Structure formats: structure tokens, C-alpha cells
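# Survey of secondary and tertiary structure
Here are the chains, one letter per residue:
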Amino acid sequence: GVSDDGTAASWNPAGLGQLRKPELSLVSTNTRQSFDAEGFRTLDDQGQDRHVFQDGEDITIEMEYQVHRPTGDVVFGIGIFNGEGTCGYGTNTDSDQIVLPELGSRGRIGFKLEKPQFIEGTYFLDVAAHARDGHAYDYHSRCVSLAIRSSFKDTGFYRIPHRWILPGGVLE
């Protein structure tokens, strides 16, 4: 039959005109992904799995992946969010102009934050694998949490390198 109920938004948009009252439909499809991102970790400089870091300490975000069907168009991305869900930073291999080698059936990729100056707090990571056109292969929201400890008590998200300039000189 023709989809003329709340599922029309997903299966037959023309059927939306036949709705007599507002309806809500949640539709999920299970198609075999060509790519899975999995096994997320945060590591210190010694390669140890950690979730608590001091500000300025290097952090490596590691993601394992599995390729189910060969695809030459994969972009890896991360987003860093504070506890309120605000994105403070996001990037991906395409925007960083990284040319990825052909991926094997299983592998691992890392993203190193070098001497980050986060404000003390808890942060969450989103990790994605998608095509250059934005088609998502796999997306994991808030898949890793990490806590930053700091002797600075600034507010916000990130401590920007700075100095105060006072009359008669510079105070660092």
C-alpha cells in the first residue's frame, strides 16, 4: 500500500498531504554499514589509557575501525564538547588536508592534542567517519569523556596563551 500515515515522511513524502491530523513516526533502518568506528581511547604520552589529564599534558585520541566494504572516500573527524554540549573544537582529516592511505579491513588512527590548555572541567568527544560529501559511515556522540585538572581557575573552555601589559612594562 501507499504510505499515507506518519511514516510518509520517510517512505512516501507525497502521502503527507493525506494526513488528517498530526502524527509522529520514528523510523529506523538497519542497513549494513560499509565502515564502523569503534574502540575509542584517550592515551597519555606513554600510551597508557587515561581519562584524567593535567592542563598542558599531551592527549592522544585513538579510534579503531573496521572496513566491511572497500571505500576510498573516508574522512575521520573529532569534536570536543564541554559538559553543556557546546562544541569547543572540531576537525577532520579532510579539513586538515590529510591524505589517507588505502585502509585495510581493520586498523587504528590517532589524533594527538599537543599541550592543550583546556580550562578545568569534564569534556566529551564525538568521533566520526564519513565521506567527503558528508555522508556518515559511523558517528559516535559523547563516546569518550575526559577530565582536565588545572591550577588556573579561568572560565570558559580553553586557556588562550596571553599576557597582561601594564603601564611601565609587561607582567607575565
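Further up the page is the structure itself.
This structure is a prediction, so every number in the text was calculated from the model and none was measured.

When its volume is computed, the largest pocket comes out at roughly 240 Å³. Forming the walls of the largest pocket are 15 residues, and the residues nearest its centre are Phe76, Thr93, Ile109, Gly110 and Phe111. Elements with a minimum of two residues in the lining of the largest pocket: strand S3 (59-67), strand S4 (75-82), strand S5 (87-92) and strand S6 (106-113). The class makeup of the residues in the lining of the largest pocket is nine nonpolar, five polar and one charged. The computed volume of the second largest pocket comes to approximately 160 Å³. Mapped onto the lining of the second largest pocket, the elements with two or more residues apiece are S5 and S6. Take the lining of the second largest pocket: its biggest share by element is three residues, from S6. For the lining of the second largest pocket, the per-class residue count stands at eight nonpolar, one polar and two charged.

Conventions we followed
- Residues numbered from 1 in each chain as written.
- Predicted model: local features only at pLDDT ≥ 70, side-chain atom pairs only at ≥ 80, totals over all residues.
- Heavy atoms only, no water.
- 1 Å grid on protein atoms, 1.4 Å probe; cavity = no way out; pocket = protein on both sides within 12 Å on 5 of 7 lines; lining within 4 Å.
- Points joined across faces, edges and corners; volume = space filled by probe spheres on them.
- Helix = DSSP H or I, 4+ residues; strand = E, 2+ residues; numbered from the N terminus.
- Nonpolar A, V, L, I, M, F, W, Y, C, P; charged D, E, K, R; others polar.

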